[in-house]
Structures are given as structure tokens and as C-alpha cells.
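Residues per chain, in single letters:
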Amino acid sequence: MLNRVILMGRITAAPELKQTQSGLAVTSFSIAVDRNYKSAGQERAATDFINIVAWRQTAEFICKYFTKGSLIAIEGSIETRHYEDKNGNKRTAVEVIAERAHFTGEKKGDGGGGSGIENRFNEPAPIGANISVGDDVDFEVVDGEDELPF
């Protein structure tokens, strides 16, 4: 069986880092993802709003480097859970559990609050750069080229 999802969209509200009672970092937010097609009579394609949940270092990474409007690429899996709302109605939640988050190449000033990092999918990463989370290496922002550590 296979449960993998890759999405790219804009964050709809600033992600907030929270802690569980046991101290695990978690964030949940949604991204707006445009469909690849337009229905008859529509001026533009419809947009889907997809709920994302990230844990541990992935949550910390997202909250540190992404804001409302940022373009983000998410790798993960889909999970469903069932619960009862405050009125006693049975509900189902569908969420993407983010295992990795990637910058998309959007630079600051591109209109979306981008990250300022070159696109991982189209450009080779500079030596020593870590532009995704999920590896055991931390990402560090270096402001000027005079301060490069190599």
C-alpha cells in the first residue's frame, strides 16, 4: 500500500508553534492549492484549502521560516480521524501529516512573503546548504556572502 502526497501552495495563516503536554512541538495550518483545470464558465481554476499538521523539527522549521502567504512544498501522508463535535455530531477530519517541508524558490519581494532561498527542485543546492527538513542537519540563515562558513 502507498500513502504519499506532495503539495505546493500558499500558507493561509501564520503557523503557530505549540507544545503537547509531553513537550512535542506541533503546528497545524492550511495551504491554498490551485487546481490544474478550470470548469466551464469559470475565469480561474478553483482552489482547495488543505489542512496540514507538522510535528517536531518539521513544525519548528515551518514556524521559523514560513509566514502567511509563503509558498511552501509539503511531502507527507494523508490521515483521517473521527471525532464528535460539541453538539454530538460525528465528524471526519482529513489532514496531511507533513514529513518534510521545502522552500519553493520564491524570493522575498515576490509578493508572497517567500523564504529567499533558491528552488530546490530547479536549482542545485549550494555546498553545505540544507533547504529541506527531515534530515538530521539544521538549516542556518547566512545574511551576507562575507560571512559564509566555507
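You'll find the structure just up there.
For every chain, the first residue of the written sequence is number 1, and numbering continues from 1 onward in sequence order. Residues qualify for local features only when their pLDDT is at least 70, as the model is predicted, and side-chain atom pairs are given and counted only at 80 or more; totals for whole chains, interfaces and linings, by contrast, use all residues. To get the side-chain values, all heavy atoms of the structure are used, and hydrogens and water are removed first.

Colleague: Help me get a handle on the overall build of the protein, residues and values and all.
Modeller: Helix and strand labels come from DSSP, where a helix needs a run of H or I of at least four residues and a strand needs a run of E of at least two; each type is numbered from the N terminus. Helix and strand content of the protein: one helix and six strands. The long-range share in the protein, meaning contacts at least 24 apart out of those at least 6 apart in sequence, stands at 54%. Using a 1.4 Å probe, the Shrake-Rupley method yields the accessible areas, and only the shown protein chains count as cover for residues. Summed over all atoms, the accessible surface of the protein reaches about 10,400 Å², with 47% contributed by carbon and sulfur. By definition, residues are in contact when any of their heavy atoms lie within 4.5 Å.

Colleague: Now, about the side chain of T27: what can you tell me, with residues and values included?
Modeller: Looking at where T27 falls in the secondary structure, it is placed in strand 3 (residues 25-34). N or O atoms within 3.5 Å of each other form a polar contact, as long as, within protein, one can give a hydrogen and the other can take it, and as long as residues adjacent in sequence are counted only when both atoms are side-chain atoms. Looking at T27, its side chain comes within polar contact range of the main-chain oxygen of E16, at 2.9 Å. In contact with T27, not counting residues within four places along its chain, are P15, E16, L17, I52, V53, A54, A59 and C63.

Colleague: Lay out the environment of V33 in plain terms, naming residues and giving numbers.
Modeller: Position of V33 among the secondary structure elements: in strand 3. Residue V33 is classed as buried on the basis of its relative accessible area, which comes to 14%. Separated by 14 residues in sequence, V33 and T47 have C-alpha atoms that sit 5.5 Å apart. Each residue's exposure class comes from its accessible area (1.4 Å probe, protein chains only) as a fraction of the maximum for that residue type: buried when under 20%, exposed when over 50%, partly exposed otherwise.

Colleague: Can you explain the environment of A54? Please cite residues and give values.
Modeller: Take A54: it is sitting in strand 4 (residues 47-55). In this view, A54 contacts A25, V26, T27, A59, I62 and A98; residues no more than four positions away in its chain are not counted.

Colleague: How would you sum up the nonpolar core? Please name residues and give values.
Modeller: The biggest cluster of nonpolar side chains holds 19 residues, and the ones touching the most others in it are I31, I52, I62, F66, I72 and I74. Apart from the residues lying within four places of it in its own chain, the contact partners of I62 are P15, F29, A54, I72, I74 and A101. Residues enter a nonpolar core if they are buried and are Ala, Val, Leu, Ile, Met, Phe, Trp, Tyr or Cys, with the set joined through side-chain atoms within 4.5 Å.

Colleague: So what's going on with helix 1 (residues 56-65)? Which residues, and what values?
Modeller: Among the residues of helix 1, T58, A59, F61, I62, C63 and Y65 are the ones counted as buried. The elements touched by buried residues of helix 1 are strand 3, strand 4, strand 5 (71-84) and strand 6 (90-103).

Colleague: Please set out the pairing of strand 1 (residues 5-11) residue by residue, giving values where relevant.
Modeller: The pairing of strand 1 with strand 5 spans six bridges and is classified as antiparallel. The residue of strand 5 that forms the bridge with M8 is A73. A pair of strands counts as paired when DSSP detects no fewer than two bridges linking them. As paired elements, strand 1 and strand 3 share two bridges and run antiparallel to each other. Counted as the bridge partner of I11 is I31 from strand 3.

Colleague: Please provide a residue-by-residue account of unusual backbone geometry, values included.
Modeller: Not every positive phi belongs to a glycine, and R56 is a case in point at roughly 55 degrees. Positionally, R56 belongs in helix 1.

Colleague: So what's going on with the environment of R91? Residues and values would help.
Modeller: In this fold, R91 is placed in strand 6. Sequence-wise, R91 and R81 are 10 residues apart; in three dimensions their C-alpha atoms are separated by 8.4 Å. Sequence-distant contacts of R91, defined by excluding residues within four places in its chain, comprise R81, H82, Y83 and D85. Here D85 takes part through its side chain, which lies 3.1 Å from a polar atom of the side chain of R91.

Colleague: Please provide a residue-by-residue account of the pattern of salt bridges, values included.
Modeller: One side-chain nitrogen of Lys or Arg within 4 Å of one carboxyl oxygen of Asp or Glu is enough to make a salt bridge. Applying the stated criterion across every chain yields a total of six salt bridges. With a closest N to O distance of 3.1 Å, D85 and R91 form a salt bridge. Under the relative-accessibility criterion, D85 is labelled buried at 19%. If you follow the salt bridges from partner to partner, you end up with R4, E75 and E99 in one network.

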